[in-house]
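Chain by chain, the residues:
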Amino acid sequence: IGPNGAGKTTLFNVITGEVAPSSGRILLGDSEITDTPADERVRMGLGRTFQIVRIFPELTLMENLVVALEARNRNRGTAGARRWLRVRPTEAVTDEAYQRLAHLGLAELHASQARHLSLGDRKRLELALTLAMDPVVLMLDEPTAGMSPSERVAIIDLIQRTREELGLTILLTEHDMDFVFRLSQSLMVMNQGERIFVGTPEQARSSELVQ
């Protein structure tokens, strides 16, 4: 957490490989990934959503999920993964795509173009695409930004349920402090590109520096 311009998104971009660090090391588990290309970091289990949602707007929700699942299957070298979009996806892939949409409450919209979704549903779809890659670390960059109060409550509940069901490590930046203190087990506070505090939410609440 931290004010606008603190460096939170830049830190995310460094971790995911979009920006090269000027110093230091990046570790994913026991593996150093400082010089690892961004696409390889995804294959190693680093998943991310963005402040500005990244989906395929002209495709249906089902097609969005199929693209993500087949990218995952190609990364794994799974037999039967399509190499060309003109080849129909397998029944197993379409079944999994539908199940993942249903899990996030989007099944009834499976045939709709993604560009027609509300912001909250676009965020849920982006989360579904990221989870389709089976990450071990899920990075969420301001997941509630721009949402209505009801959408915010729904996405917070969804993220909490996802963490509990999948046992993921979640790293997030967020301005909604109620969300932060409800979900987080550890907080890092940044200001002007520097780390000024690391501790529990309870310690952060009582820190004069953070206040």
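Residues numbered from 1 in each chain as written. Predicted model: local features only at pLDDT ≥ 70, side-chain atom pairs only at ≥ 80, totals over all residues. Heavy atoms only, no water.

**Section: the overall build of the protein chain**
1) Next: When helices and strands are tallied, the protein chain shows eight helices and seven strands.
2) Next: For the protein chain, the spread of C-alpha atoms along the three principal axes comes to 60 × 40 × 30 Å.
3) Next: For the protein chain, buried positions account for 42% of its 211 residues.
4) Next: Working note: accessible area of the protein chain is about 11,800 Å², and carbon and sulfur atoms make up 50% of it.
5) Next: Charged side chains in the protein chain number 24 positive and 28 negative. The centres of these two groups are separated by 4 Å. (Helix = DSSP H or I, 4+ residues; strand = E, 2+ residues; numbered from the N terminus. Buried < 20%, exposed > 50% of the residue type's maximum accessible area, 1.4 Å probe, protein only. Areas by Shrake-Rupley, 256 points an atom, 1.4 Å probe, with all protein chains shown as cover. Lys, Arg positive; Asp, Glu negative; His and termini not counted. Charge placed at Lys NZ, Arg CZ, Asp CG, Glu CD.)

**Description of a nonpolar patch on the surface**
1) Next: On the surface, a cluster of nonpolar side chains totalling about 220 Å² of accessible area is made up of Leu 11, Met 188 and Val 198.
2) Next: Mapped onto the elements, Val 198 comes out in strand β7 (residues 194–199). (Patch = residues over 30% accessible without salt bridge, like charges linked within 9 Å, V, L, I, M, F, W, Y side chains within 5 Å. Salt bridge = Lys/Arg side-chain N within 4 Å of Asp/Glu carboxyl O.)

**Description of empty space enclosed by the protein**
1) Next: Scanning the entire structure with this criterion turns up one cavity of 30 Å³ or more.
2) Next: Here the largest cavity is characterised by a volume of approximately 70 Å³.
3) Next: Thr 49, Phe 50, Lys 123, Glu 126, Leu 127, Leu 140, Asp 141, Glu 142, Pro 143, Ile 155 and Ile 159 are the residues that line the largest cavity.
4) Next: Looking at the lining of the largest cavity, the elements that each hand over two or more residues are α5 (119–131), β4 (137–141) and α6 (149–166).
5) Next: Top contributing element to the lining of the largest cavity by residue count: α5, with three residues.
6) Next: Residues belonging to the lining of the largest cavity are distributed by class as follows: six nonpolar, one polar and four charged. (1 Å grid on protein atoms, 1.4 Å probe; cavity = no way out; pocket = protein on both sides within 12 Å on 5 of 7 lines; lining within 4 Å. Points joined across faces, edges and corners; volume = space filled by probe spheres on them. Nonpolar A, V, L, I, M, F, W, Y, C, P; charged D, E, K, R; others polar.)

**Things to note about the packing of α5 against α6**
1) Next: The geometry of α5 relative to α6 is characterised by a closest axis approach of 10 Å and an angle of 15° between their N-to-C directions. Relative to α6, the element α5 is oriented roughly parallel. The two elements α5 and α6 cross, and the hand of that crossing is right-handed. Along its contact with α5, which presents Leu 119, Gly 120, Lys 123, Arg 124, Leu 127 and Leu 131, the element α6 presents Glu 151, Ile 155, Leu 158, Thr 162 and Leu 166.
2) Next: Looking at the contact of α5 with α6 residue by residue, the class counts come to six nonpolar, two polar and three charged. (Axes fitted to C-alpha atoms, helices over the stretch in contact; angles between N-to-C directions. Parallel < 35°, antiparallel > 145°, perpendicular 65-115°, else oblique. Left-handed = near helix turned anticlockwise from the far one by under 90°. Contact = heavy atoms within 4.5 Å.)

**A short note on the packing of aromatic side chains**
Think of a pair of aromatic rings as described by two things: how far the centres are apart, and how the planes are tilted against each other in angle.
1) Next: The final tally for this structure, using the stated rule, is zero aromatic pairs.
2) Next: Its guanidinium or amino end placed over the ring of Phe 50, Arg 54 lies 3.7 Å from that ring's centre, counting from NZ or CZ.
3) Next: Against the face of Phe 181 rests Arg 205, its NZ or CZ located 4.0 Å from the ring centre. (Phe/Tyr/Trp six-rings, centres within 6.5 Å; stacked < 30°, edge-to-face > 60°. Lys NZ or Arg CZ within 6 Å of the ring centre and 35° of its normal.)

**Some points on helix α1 (residues 8–16)**
1) Next: For α1, the set of buried residues is Lys 8, Phe 12, Asn 13, Val 14, Ile 15 and Thr 16.
2) Next: Considering only its buried residues, α1 is in contact with α2 (38–43), β3 (46–49), β4, β5 (169–173) and β6 (187–191).
3) Next: Directly after α1, the chain includes Gly 17, whose backbone phi takes a positive value near 95°.

**A word on helix α4 (residues 91–103)**
1) Next: Between its first and last C-alpha atoms α4 spans 18 Å; for 13 residues at 1.5 Å apiece the expected length is 18 Å, and the two agree.
2) Next: Buried positions along α4 lie against α3 (61–76) and α5.
3) Next: Positive phi appears at Gly 105, one or two residues downstream of α4, with a value of about 75°. (Expected span 1.5 Å × (residues − 1).)

**Quick notes on the pattern of salt bridges**
1) Next: Summed over the entire model, instances satisfying the criterion amount to 13 salt bridges.
2) Next: Across the salt bridge formed by Asp 39 and Arg 43, the nearest N and O atoms sit 3.2 Å from each other. Of the two residues, Asp 39 and Arg 43 both sit in helix α2, four residues apart, roughly one turn of that helix.
3) Next: Judged by relative accessible area, Asp 39 falls into the partly exposed class, the value being 45%.

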